[in-house]
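Examining the three-dimensional arrangement
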Amino acid sequence: MWPHPPSEEGAQNDTEMNKHGRTQKITKEKQKATGTGSVYFCGSSKLLYPKLSYQIRGAIFTVYKTLGPYHKESVYANALAEELKKRKIPFKKEESIDIVYENKNVGVYRPDFLIDDKIVIELKAAEILPKNDEKQLSYYLGGTTYRLGFLVNFGARNGVDIRRRIVGYENK
């Protein structure tokens, strides 16, 4: 039996099982507006960085609601940076992340956003995301100390698509 996730500051919530067998929380407001919700770590009622994740998702939805589809990735990146500033969410845009092997720098990754030194965000604006784009976020997470990332596609047919990935997170 899957646990019922905690509520987000008084919002009424429903849960459903997503195609990956994870419990998915859907707030009534988000379900009506976008048909999406937060994906929980498999079998867990704990969400990694729940408040920050919620704030980021709100900023992403606001950008999409304001701009709509059909813009270039750079337009969404600039708008998201403005929205994060407005919400006072600390971030770095296109900051380099060193990949270290045996105390030696062996490479560099440059994701679109690093949020509060906790979450990696990679933006796309494509109608269909190829597997390479999903792998890109996995490389960022697997090769660094970051554990949580969002792959955000503003070009999806049915609104903004946010794919949440966790690497190496132990539910404690």
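One can find the structure itself at the top, above this paragraph.
**Here's the deal with the environment of Tyr146**
Mapping Tyr146 onto the fold places it in the loop between helix H4 (131-142) and strand S9 (148-153). In this structure the C-alpha to C-alpha distance between Tyr146 and Lys118, which are 28 residues apart in sequence, comes to 6.1 Å. Beyond its immediate chain neighbours, meaning those up to four positions away, Tyr146 contacts Ile97, Leu114, Asp117, Lys118, Ile119, Val120 and Leu141.

**Describing the pairing of strand S6 (residues 104-109)**
For a regular strand, side-chain orientation follows a simple rule: the groups alternate between the two sheet faces. Summarising the sheet, strand S5 (residues 97-101) and S6 pair through 5 bridges and their orientation is antiparallel. Residue pairing across strands places Ile99 opposite Gly107, the latter belonging to S6.

**Regarding the sheet that holds strand S10 (residues 161-166)**
One open sheet holds the 5 strands; their spatial order is S4-S7-S8-S9-S10, and the pairing between them is mixed. At either end of the open sheet lies a strand with only one pairing partner, and these are strand S4 (91-93) and S10. Neighbour-to-neighbour, the strand axes of this sheet turn through a mean angle of 20 degrees, independent of strand direction. Note: strand S7 (residues 113-115) against strand S8 (residues 119-124), 3 bridges, orientation antiparallel. Bridging across to S8, Leu114 finds its partner in Val120.

**Focus: H4**
Spacing of three or four residues puts side chains on the same side of an α-helix, whose turn is 3.6 residues. With 12 residues, H4 should cover 16 Å at 1.5 Å per step; its first-to-last C-alpha distance of 16 Å lies within 8% of that length. Where H4 is concerned, the buried positions are Asp133, Glu134, Leu137, Tyr140 and Leu141. Buried positions in H4, seen along its axis, are confined to an arc of 115 degrees and lie on one side of it. Exposed side of H4, more than 90 degrees from the buried face: Lys131, Asn132 and Gly142 are the residues found there. On its buried face, H4 sits against S6, S8, S9 and S10.

**Observations concerning the side chain of Asp133**
Within the fold, Asp133 resides in helix H4. Apart from residues lying up to four places away in sequence, Asp133 is in contact with Lys124 and Leu151.

**Quick look at unusual backbone geometry**
In this structure, Tyr49 takes a positive phi of about 55 degrees despite not being glycine. Within the fold, Tyr49 resides in the loop between strand S3 (38-39) and helix H2 (50-67). Its identity is not glycine, yet Glu94 carries a phi of approximately 50 degrees, on the positive side. Mapped onto the secondary structure, Glu94 falls in the loop between S4 and S5.

**Points about the packing of H2 against helix H3 (residues 73-86)**
Interhelical geometry of H2 versus H3 gives an angle of 125 degrees and a closest axis separation of 9 Å. Between H2 and H3, the angle falls in the class oblique. Where H2 crosses over H3, the handedness of that crossing is right-handed. Across the interface between the two elements, Ala59, Ile60, Thr62, Val63 and Leu67 from H2 touch Val75, Tyr76, Ala79, Leu80, Glu83 and Leu84 from H3.

About the thresholds
- Residues numbered from 1 in each chain as written.
- Predicted model: local features only at pLDDT ≥ 70, side-chain atom pairs only at ≥ 80, totals over all residues.
- Heavy atoms only, no water.
- Helix = DSSP H or I, 4+ residues; strand = E, 2+ residues; numbered from the N terminus.
- Contact = heavy atoms within 4.5 Å.
- Pairing = 2+ DSSP bridges.
- Axes fitted to C-alpha atoms, helices over the stretch in contact; angles between N-to-C directions.
- Expected span 1.5 Å × (residues − 1).
- Buried < 20%, exposed > 50% of the residue type's maximum accessible area, 1.4 Å probe, protein only.
- Arc of directions from axis to C-beta.
- Parallel < 35°, antiparallel > 145°, perpendicular 65-115°, else oblique.
- Left-handed = near helix turned anticlockwise from the far one by under 90°.

Geometric values such as these leave the question of function open.
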